[in-house]
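A structural walkthrough
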Amino acid sequence: MKKIINDPNQVVTEMLDGVVGAYPGQIKRIPDTNVVTKKDAPVQSKVGIVSGGGSGHEPAHAGYIGKGMLDAAVAGEVFTSPTPDQVFEAIKAVDGGSGVLLVIKNYSGDVMNFEMAAEMAEAEGVDVAQVIVKDDVAIEDRDGRRGVAGTIFVHKIAGAMAETGASLEEVKAVAEKVIANVRSMGVALSPCVMPASGKPSFELGEDEMEVGIGIHGEPGTERKPLASANEIATELTKHVLEDLELSGSDEVAVMVNGLGASPEMELHLVNRKVQGILQEKGVKAYKTFVGEYMTSLEMAGCSVTLLKLDGQLKELLDSPSDAPAFRS
Amino acid sequence: MAFTVEQALNWLTKSNEKIQENKDYLSELDQAIGDGDHGINMARGFDEVVKKLDGNDYKQVADVWKDAAMTLMSKVGGASGPLFGTAFLKMSMAAKGGEAVSYDAFIKALEDGGAGIKQRGKATEGEKTMVDVWSPVVKQLKEAKDFDAGLIRDSSKSAMEATKDIIATKGRAAYLKERSKGHLDPGSVSSYYIFQALSDCIEGEV
Ligand SMILES: Nc1ncnc2c1ncn2[C@@H]1O[C@H](COP(=O)(O)OP(=O)(O)OP(=O)(O)O)[C@@H](O)[C@H]1O
Ligand SMILES: [Mg+2]
């Protein structure tokens, strides 16, 4: 293992210091926690948006803090859900009197820890609502699906909605609408190595790829011979489209997300094919995002996400965000 | 026999020892069907529990369990943090009041702890989670009349081993469907260490 680290047990806290150091005008850290918030949190009478999860997915989640997106991000240990007390600190820090929405990815650890934090906050009289992102079509059972790159669109659109002065209920409703219309699927070409264990998350031969991978180095659903960019794009897009049931005149937002070690060049090759497939179907790519949005340490590979849009979602997607990892 | 404060402290200290010794093994098990962090999470959390308990003068078993619960909840993270944290919190609530805990009260506490795990995880038996150790162990201990180190050791061992053949339907291993078969459930193995530690610390005192 070759990593640019100091002490493997200090990577998360040192990374957060670095993030704050990079955006000192925008982001601050709550002392003695692994919670980072907007510099001006809480924003009075705006619904606060809190996201978070294990670390190792950078720029998620701290990079999405900004006007028009998240108010706070809670960082757990690498690939490990943060604890309820930390999430609770984030909720308290961003509650401007209009309540707080928790954006949770569908992993049992995240769901339980965030739910416990919500119970703690409710006991203190804070209005809390939660949405659970489950966009990974690699998992057949809809309720068991993981939350992956589609989460970024939930951050963006819920964040934009909160800026309009909408109520907690309205912000939650639009977040649910995104969740109902977003689908992703990913592939890995190489595993990732957790700093604390120093070992690869799984073994993958030179000529193999793991299809249906999540974002934690957990094995995928199927192992296949390594395929070309066109074939990978076709396979991922096929599964996403099958599940999303688009028709001719639909418009979508596209995200081709790098998992950490695949060069942007390769992501664009994948995007080229994705765009071709959408054109063939007569589906319009309203906006496309290519880059690293939700990574898995140094895993090579990518995911393809499609979000079916309507007028409201388009408007909220277009509205301004000054989050370091998602400016619009 | 009654379960004393000293034994409660001893139980957690021994649990920590077993978890530290097997930290890498637990992570390896999690690597096969999860995300490889289970040993790291448990080792971090139990180390903090021992630190928290050290030097405190406890009057009740319930207080020991409460401090353990709070520490596990705030230091472990992942799925196992809230689950073990909830288990010890429910046990603490059930054991409140007395200095030492009678066998019946102890079993009631374990039963509540197991129920807490099921409720928090929305899981039931047969889903390849730590519930598959807690439930059968509690069930077998309920039939005994007094603390029985051998019974605790054997029932937890066979329950832990039986998780190998289950196809996971909860937790990360569920993503693998049939591929989860043939691997032990990491949370069940750490639960087994906790019950082994319990067995060790009551052995010779019955
Ligand atoms: N819903 C559940 N109910 C009961 N037990 C569960 C549930 N989900 C997971 N577990 C138990 O937790 C163990 C995994 O714990 P671990 O600390 O590795 O959490 P994790 O799932 O990796 O969490 P995270 O996703 O935050 O990393 C499993 O082996 C299983 O015994
Ligand atoms: Mg794990």
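Residues numbered from 1 in each chain as written. Chains lettered and ligands numbered in written order. Predicted model: local features only at pLDDT ≥ 70, side-chain atom pairs only at ≥ 80, totals over all residues. Heavy atoms only, no water.

**Focus: the side chain of A:Ser262**
Residues and elements named next belong to chain A. Relative to the helices and strands, Ser 262 is located in the loop between strand S10 (251–258) and helix H7 (264–281). The class for Ser 262 is buried, based on a relative accessible area of 9%. A distance of 2.8 Å separates the side chain of Ser 262 from the backbone nitrogen of Gly 301, its partner in a polar contact. Excluding its chain neighbours within four sequence positions, the residues that come into contact with Ser 262 are Leu 267, Glu 292, Met 299, Ala 300 and Gly 301. (Helix = DSSP H or I, 4+ residues; strand = E, 2+ residues; numbered from the N terminus. Buried < 20%, exposed > 50% of the residue type's maximum accessible area, 1.4 Å probe, protein only. Polar contact = N/O pair within 3.5 Å; in protein donor to acceptor, adjacent residues only side chain to side chain. Contact = heavy atoms within 4.5 Å.)

**What to know about the coordination of the magnesium ion (ligand 2)**
Residue and element names in this part refer to chain B. Every protein donor of the magnesium ion (ligand 2) is listed here as Asp 30 (OD), Asp 35 (OD) and Asp 37 (OD), and their distances to the metal cover 2.1 to 2.3 Å. Of note, the donors binding the magnesium ion (ligand 2) are all from one chain and are spaced D-x4-D-x1-D. Asp 37 matches Asp 35 in its accessibility class, with the two residues each being buried. (Donors = N, O, S within 2.8 Å, 3.2 Å for Na, K, Ca; no water.)

**Observations concerning the site of ligand 1**
In the vicinity of ligand 1 lie 24 residues, with A:Phe79, A:Ser81, B:Ser80, B:Arg172 and B:Asp185 positioned nearest. Nearby residues place ligand 1 at the junction of chains A and B. B:Asp185 is positioned with one of its side-chain polar atoms (N or O) 2.5 Å from an oxygen atom of ligand 1. In the complex, the protein chains occlude 96% of the 640 Å² of accessible area that ligand 1 would expose alone. For the shell around ligand 1, the secondary-structure elements that each account for two or more residues are helix H3 (108–123) of chain A together with helix H3 (38–53), helix H5 (80–95) and helix H9 (186–202) of chain B. When grouped by side-chain class, the residues that make up the shell around ligand 1 number 6 nonpolar, 12 polar and 6 charged. (Near = heavy atom within 4 Å. Areas by Shrake-Rupley, 256 points an atom, 1.4 Å probe, with all protein chains shown as cover. Nonpolar A, V, L, I, M, F, W, Y, C, P; charged D, E, K, R; others polar.)

**Thoughts on the interface of chain A and chain B**
Much of the literature gives interface size as the accessible area that the parts lose upon coming together. The interface is formed by 33 residues belonging to chain A together with 29 residues belonging to chain B. Summed over both sides, the interface between chain A and chain B buries roughly 2400 Å², with carbon and sulfur atoms accounting for 52% of that surface. By the criterion of area lost to chain B, the three top residues of chain A are A:Thr80, A:Met112 and A:Met116, representing 22% of everything that side buries. Between the two partners, chain A and chain B, sit 5 salt bridges. In this structure, B:Lys177 engages A:Glu140 in a salt bridge whose closest nitrogen and oxygen atoms are separated by 3.4 Å. Where chain A packs against chain B, one counts 14 residue pairs in polar contact (both at pLDDT 80 or more). Only helix H2 (84–94) and H3 of chain A provide two or more residues apiece to the side of chain A that touches chain B. Here the side of chain A that touches chain B gets 7 residues from one element, more than from any other, and that element is H3(A). Taken together, the residues that form the side of chain A that touches chain B break down as 10 nonpolar, 13 polar and 10 charged. (Buried area = accessible area lost by both parts, 1.4 Å probe. Salt bridge = Lys/Arg side-chain N within 4 Å of Asp/Glu carboxyl O.)

**Some details on the pairing of strand S11 (residues 284–291) of chain A**
All names here are of chain A. Alignment of S10 against S11, held across 7 bridges, turns out to be parallel. In the sheet register, Met 255 faces S11, and the bridge partner there is Phe 289. The handedness of the S10 to S11 crossover, carried by H7, is right-handed. (Pairing = 2+ DSSP bridges. Right-handed = clockwise from strand over helix to strand, strands pointing away.)

**Structural notes on the environment of B:Gly34**
Inspection of the secondary structure puts B:Gly34 in the loop between helix H2 (23–33) and H3. Overall, B:Gly34 belongs to the buried group, its relative accessible area being 2%. Taking C-alpha positions, B:Gly34 is 36 Å from B:Asn56, a pair spaced 22 residues apart along the chain. If we ignore the near neighbours within four places in the chain, the residues touching B:Gly34 are A:Glu218, A:Pro219 and B:Arg172.

**Notes on the sheet that holds strand S7 (residues 182–190) of chain A**
Residues and elements named next belong to chain A. Within the open sheet, the 6 strands sit side by side as S9-S8-S7-S12-S10-S11. Their pairing is mixed. For this open sheet the edge positions go to strand S9 (222–225) and S11, each flanked by a neighbour on one side alone. Taken pair by pair, the neighbouring strands of this sheet meet at an average axis angle of 20°, ignoring direction. Strand direction decides the pairing type here: S10 and strand S12 (residues 300–309), joined by 8 bridges, are antiparallel. Pairing of Met 255 across the sheet is with Thr 305, part of S12. Packing of helix H4 (residues 151–163) onto the sheet brings it into contact with S7, S10, S11 and S12, and relative to S10 it is tilted by some 125°. Here helix H6 (residues 229–244) sits on the sheet and contacts S7, strand S8 (208–211), S9 and S12; the angle it forms with S7, its principal contact strand, is near 155°. (Axes fitted to C-alpha atoms, helices over the stretch in contact; angles between N-to-C directions.)

**A word on the nonpolar core**
Grouped burial of nonpolar side chains is what soluble globular proteins tend to show. Residues and elements named next belong to chain A. Grouped together as the largest cluster of nonpolar side chains are 67 residues, with contacts concentrated most on Leu 101, Phe 153, Val 171 and Leu 307. Broken down by element, this core gets its largest block of residues, 8 residues, from H4. Structurally, this core is a two-domain feature, drawing no fewer than three residues from each of domain 1 (8–180) and domain 2 (182–318). (Core = buried A, V, L, I, M, F, W, Y, C linked by side-chain atoms within 4.5 Å. Domains from an automatic or database assignment.)

**Section: the packing of aromatic side chains**
Residues and elements named next belong to chain B. Scanning the entire structure with this criterion turns up 17 aromatic pairs over all chains. Taking the centre distance of 6.2 Å and the plane angle of 85° together, the rings of Phe 3 and Trp 11 count as edge-to-face. Both residues of the pair, Phe 3 and Trp 11, count as buried. Where Trp 134 meets Phe 195, the ring centres are 5.1 Å apart and the plane angle is 65°; that geometry is what we call edge-to-face. Of this pair, Trp 134 sits in helix H7 (residues 131–143) while Phe 195 sits in helix H9, and the two are 61 residues apart along the sequence. The buried category is assigned to Phe 195, whose relative accessible area is 0%. Chaining the aromatic ring pairs together yields one cluster made of Phe 3, Trp 11, Trp 65, Phe 88, Tyr 103, Phe 106 and Phe 147. (Phe/Tyr/Trp six-rings, centres within 6.5 Å; stacked < 30°, edge-to-face > 60°.)

**Observations regarding H5(B)**
Residue and element names in this part refer to chain B. The first and last C-alpha atoms of H5 sit 22 Å apart over 16 residues, in line with the 22 Å expected at 1.5 Å per residue. Of all 16 residues in H5, 12 are buried, a share of seventy percent or more. All of the buried residues in H5 are Ser 80, Gly 81, Pro 82, Leu 83, Phe 84, Gly 85, Thr 86, Ala 87, Phe 88, Met 91, Ser 92 and Ala 95. Phi for Gly 97, located one or two positions after H5, is positive at around 115°. (Expected span 1.5 Å × (residues − 1).)

**Notes on helix H1 (residues 5–21) of chain B**
An α-helical turn contains 3.6 residues, so a residue and the one three or four places further along point in the same direction. All names here are of chain B. The end-to-end C-alpha separation of H1 is 25 Å, in line with the 24 Å expected for 17 residues at 1.5 Å each. Burial in H1 covers these residues: Val 5, Gln 7, Ala 8, Trp 11, Leu 12, Ser 15, Asn 16 and Ile 19. Where H1 is buried, its residues contact H2, H3, helix H4 (61–75), H5, helix H6 (103–121) and H9.

Geometric values such as these leave the question of function open.
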